[in-house]
Amino acid sequence: MRVNYSVNATPRFRMLSGEQCEEIYCSALKVLHHTGVKVHSEEILALLSKYGARIKGNLAYIPSFVVQKALNTALKAFTVYGRGDKYSKNIDVRPNHIHYGLGSGCVNFLDPRTGKRRNYTREDAATVARVADALPNIDFVQPLGTVPVVPEMVDVYEFAEMIANTTKPLVTYSRTLGITKTIHKVAMAVAGGEQAFIRRPNFLLIGSPGRNPCTGGG
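Worth saying up front: this structure is predicted, and the values here are computed from it rather than measured. (Residues numbered from 1 in each chain as written. Predicted model: local features only at pLDDT ≥ 70, side-chain atom pairs only at ≥ 80, totals over all residues. Heavy atoms only, no water.)

**Description of the sheet that holds strand β2 (residues 54–56)**
As summarised here, the arrangement of the three strands in space is β1-β3-β2, forming an open sheet in which the pairing is antiparallel. The strands lining the two open edges of the sheet, one partner per strand, are β1 (37–38) and β2. Note: β1 against strand β3 (residues 59–61), two bridges, orientation antiparallel. Following the sheet pairing, Lys 38 is matched in β3 by Leu 59. In this fold helix α1 (residues 18–35) packs onto β1 and β3, with an angle of close to 125° to the strand it touches most, β3. (Pairing = 2+ DSSP bridges. Helix = DSSP H or I, 4+ residues; strand = E, 2+ residues; numbered from the N terminus. Contact = heavy atoms within 4.5 Å. Axes fitted to C-alpha atoms, helices over the stretch in contact; angles between N-to-C directions.)

**Some words on helix α6 (residues 177–191)**
Taking 1.5 Å of rise per residue, the 15 residues of α6 would be expected to cover 21 Å, and the 21 Å separating its terminal C-alpha atoms lies within 8% of that figure. All of the buried residues in α6 are Ile 179, Ile 183, Ala 187 and Met 188. Its buried side turned inward, α6 meets α5 (151–165), β8 (170–173), α7 (194–199) and β9 (203–206). (Expected span 1.5 Å × (residues − 1). Buried < 20%, exposed > 50% of the residue type's maximum accessible area, 1.4 Å probe, protein only.)

**Quick word on a nonpolar patch on the surface**
Together, Phe 13, Met 15, Leu 16 and Ile 24 give the surface a local cluster of nonpolar side chains, amounting to about 490 Å² of exposed area. Mapped onto the secondary structure, Ile 24 falls in helix α1. (Patch = residues over 30% accessible without salt bridge, like charges linked within 9 Å, V, L, I, M, F, W, Y side chains within 5 Å. Areas by Shrake-Rupley, 256 points an atom, 1.4 Å probe, with all protein chains shown as cover. Salt bridge = Lys/Arg side-chain N within 4 Å of Asp/Glu carboxyl O.)

**Notes on the pattern of salt bridges**
This structure, assessed with the given rule, holds four salt bridges. A salt bridge links Arg 118 to Asp 124; the nearest nitrogen and oxygen atoms lie 2.6 Å apart. Taking the relative accessible area as the measure of exposure, Arg 118 reaches 25% and is therefore partly exposed. Owing to a relative accessible area of 7%, Asp 124 belongs among the buried residues under this scheme. Overlapping salt bridges, with partners in common, bring together Asp 111, Arg 118 and Asp 124 in one network.

Spatial relationships are all this shows, so hold off on functional conclusions.
Put into structure tokens, the structure is as follows:
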């Protein structure tokens, strides 16, 4: 969906002015620099240290120049591709482009057959992906719930069910670097190999350096 084009304008509700957004951004920079952020990954702590952050225990104090450098090197626009032929749905991630998809992380699930609430299962992840694949107003598929299995496997199971049951672009999350690497291998295999995946990446990853792999908390 295109928004705020002069020939195809849509209303836009905005609570904050540009100056207020800038104030929030500058305040966040101060917090990162002086208060710091907890990071539970030794690899990420080492990486942050390499690029100028001060590390004390599992706290990383990140100067504003590190943040700005990261923002300057981040892609301003890119495409996440659907799996399948040239007619599969893709999403262009760039300013003023809106895409609709599923939410994520629900522990409980309302069974569509019995109407009763129960735990979300791996079979539900497959069903949800198939339903989302059939809905024309859904642009991407994300894990709707959380399968109650060991933390080391839950993200992999959910991703495997999604990529097997939809051809739409995927948005997923990972609790550890090892899980991320496993998901990446699955995505490359489905894409047809590493080079094919580089040409047509088929998923986005939601990551959090502050996530605790034991509790799932940030």
